[in-house]
Amino acid sequence: DVQLQASGGGLVQSGGSLRLSCVASGFTFDDYSIGWFRQAPGKEREGVLCISSSDGTPYYLDSVKGRFTISRDNAKNTVYLQMNSLRPEDTAVYYCAAEDHDGSTWWTEDGVLWPPKYWGQGTQVTVSS
């Protein structure tokens, strides 16, 4: 079965850092773009970053540029989300997801054009003031 296991969430103070990990199995990891999405209480789910399946190009939500970094280690079937300078508004459940299209075809500044093919379980990130 396809699995996308997210971990690394927790409680952190404003200005702090967390690193989330997403370990994938059950599909050809190298052929998929991997994205991080989040859903804050009372708000719609939004794309945060993704990393392309082809050349590793990252795609960003404007509000996290300069603060969040995505990377992938294909040998470990793992994607990382390094989150620095965290703000209370970053508080959300963070989900990793896989999409079998290159990031350039489905990730836009206004959001993804369609939902990812596979969703993983979320990990809670809480940023306190």
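Scroll up to find the structure this text is about.
These figures come from a predicted structure and were not determined experimentally.

Novice: Where do I start with the nonpolar core in this structure?
Specialist: Note on soluble globular proteins: their nonpolar side chains tend to be buried together. One finds W36, F68, L81, M83 and Y94 to be the most contacted residues of the largest nonpolar core, which totals 30 residues. Among the secondary structure elements, those contributing two or more residues to this core are β1 (3-7), β3 (18-25), β4 (33-39), β5 (46-51), β7 (68-73), β8 (78-83), β9 (92-99) and β13 (123-128). Apart from the residues lying within four places of it in its own chain, the contact partners of F68 are R38, V48, L49, Y60, L81, Q82, M83, N84, L86, D90 and Y94. Counting residues in hydrophobic clusters, the runner-up holds six residues, among them F37, A97, W106 and W107.

Novice: Hey, could you run me through the state of the cysteines in this one?
Specialist: Here the structure, examined in full by the defined rule, presents one disulfide. Distance from the sulfur of C50, which forms no disulfide, to the nearest cysteine sulfur (C22) is 13 Å.

Novice: Looking at this model, I keep getting lost on the sheet that holds β8. Mind explaining?
Specialist: Across a sheet, paired strands are connected by hydrogen bonds in the backbone, their directions being either parallel or antiparallel. Read from one edge to the other, the open sheet built from four strands follows the order β1-β3-β8-β7, with strand pairing classed as antiparallel. Two strands close off the open sheet at either side, each with one partner strand: β1 and β7. Adjacent strand axes in the sheet meet at a mean angle of 15° when their direction is disregarded. Pairing analysis gives five bridges linking β1 to β3, with the strands arranged antiparallel.

Cut-offs applied
Residues numbered from 1 in each chain as written. Predicted model: local features only at pLDDT ≥ 70, side-chain atom pairs only at ≥ 80, totals over all residues. Heavy atoms only, no water. Core = buried A, V, L, I, M, F, W, Y, C linked by side-chain atoms within 4.5 Å. Buried < 20%, exposed > 50% of the residue type's maximum accessible area, 1.4 Å probe, protein only. Helix = DSSP H or I, 4+ residues; strand = E, 2+ residues; numbered from the N terminus. Contact = heavy atoms within 4.5 Å. Disulfide = S-S within 2.5 Å. Pairing = 2+ DSSP bridges. Axes fitted to C-alpha atoms, helices over the stretch in contact; angles between N-to-C directions.

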